[in-house]
Amino acid sequence: MHRFTRAERWIHRTTAALMGVCVATAACLYLPQLAELVGRRELVVRLHEWAGLALPVPVLTGLASRAFRADLGRINRFGPHDKLWLRAALRRDKRPSSRPAGKFNAGQKIYAAWIAGATLVMLGTGLMMWFTHLTPLMWRTSATFVHDWLALTVGIVLAGHIGMALADPEARRGLRTGTVGREWAEREHPLWRP
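One structure accompanies this document, and this report is about it.

What counts, and at which threshold
Residues numbered from 1 in each chain as written. Predicted model: local features only at pLDDT ≥ 70, side-chain atom pairs only at ≥ 80, totals over all residues. Heavy atoms only, no water. 1 Å grid on protein atoms, 1.4 Å probe; cavity = no way out; pocket = protein on both sides within 12 Å on 5 of 7 lines; lining within 4 Å. Points joined across faces, edges and corners; volume = space filled by probe spheres on them. Helix = DSSP H or I, 4+ residues; strand = E, 2+ residues; numbered from the N terminus. Nonpolar A, V, L, I, M, F, W, Y, C, P; charged D, E, K, R; others polar. Buried < 20%, exposed > 50% of the residue type's maximum accessible area, 1.4 Å probe, protein only. Contact = heavy atoms within 4.5 Å. Axes fitted to C-alpha atoms, helices over the stretch in contact; angles between N-to-C directions. Parallel < 35°, antiparallel > 145°, perpendicular 65-115°, else oblique. Left-handed = near helix turned anticlockwise from the far one by under 90°.

Turning our eyes to something else, we now look at the layout of surface pockets. For the second largest pocket, the calculated volume is near 910 Å³. Surrounding the second largest pocket, 29 residues form its lining, Ala26, His48, Met122, His147 and Ala151 being those nearest its centre. Going through the elements one at a time, helix H1 (6–30), helix H3 (41–54), helix H7 (106–130) and helix H8 (137–166) are the ones with two or more residues in the lining of the second largest pocket. A class-by-class count of the residues in the lining of the second largest pocket yields 20 nonpolar, 6 polar and 3 charged.

Here's what the structure looks like:
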């Protein structure tokens, strides 16, 4: 079954690559052991800044794709079935019948909303830290605090996202090739009508 278009897969891959650069360079800037191992701090800082600035570009470019816009609409709407899915997830009920989902399940919807918001906050606080002459010292200090702690949280949430993807080879295949098996789609996303 067709799940994602070429444009949607490009958006995901490009965003993942830019986020990977942001996380890797942040780790090199924050952890002294990695900083010593990598060296070239100025290059790492520039890579981090430019990857962070470019992070929204794939999504903004993707708005030209009708399929991407349709999926944004699906991922931004919660229905009654999403409450059932969340309740089952909180109870750790793994039965597919207890977790109804459309094209995206409630967990994917929450992750997408959270990571989009976190990316915007990281971009805003990063710009305050980069352009030091535009904001008062108190704002920059606060921005640094928020940026650092949110970066740690983003790293943890991304590790969870990658872990979930590694546990579901069929979902990975959907993002790699654009297609998934009918049995998987009927089991994991029974309300999805492609």
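Having seen the model, we can carry on.
A few words now on the side chain of Thr25. Tracing the chain through its elements places Thr25 in helix H1. Classification of Thr25 as buried rests on a relative accessible area of 8%. In this view, Thr25 contacts Val44, Leu47 and His48; residues no more than four positions away in its chain are not counted.

On to the packing of H1 against H8. Angle between the axes and distance between the axes: these two values describe a pair of packed helices. In contact at an axis separation of 11 Å, H1 and H8 are set at 130 degrees when each is read in the N-to-C sense. As summarised for this structure, H1 and H8 are arranged oblique, according to the angle between their axes. Read as a crossing pair, H1 and H8 show a hand that is left-handed. In this structure, H1 uses His12, Met19, Val23 and Tyr30 to contact H8, whose residues at the interface are Asp148, Val154, Leu158 and His161.

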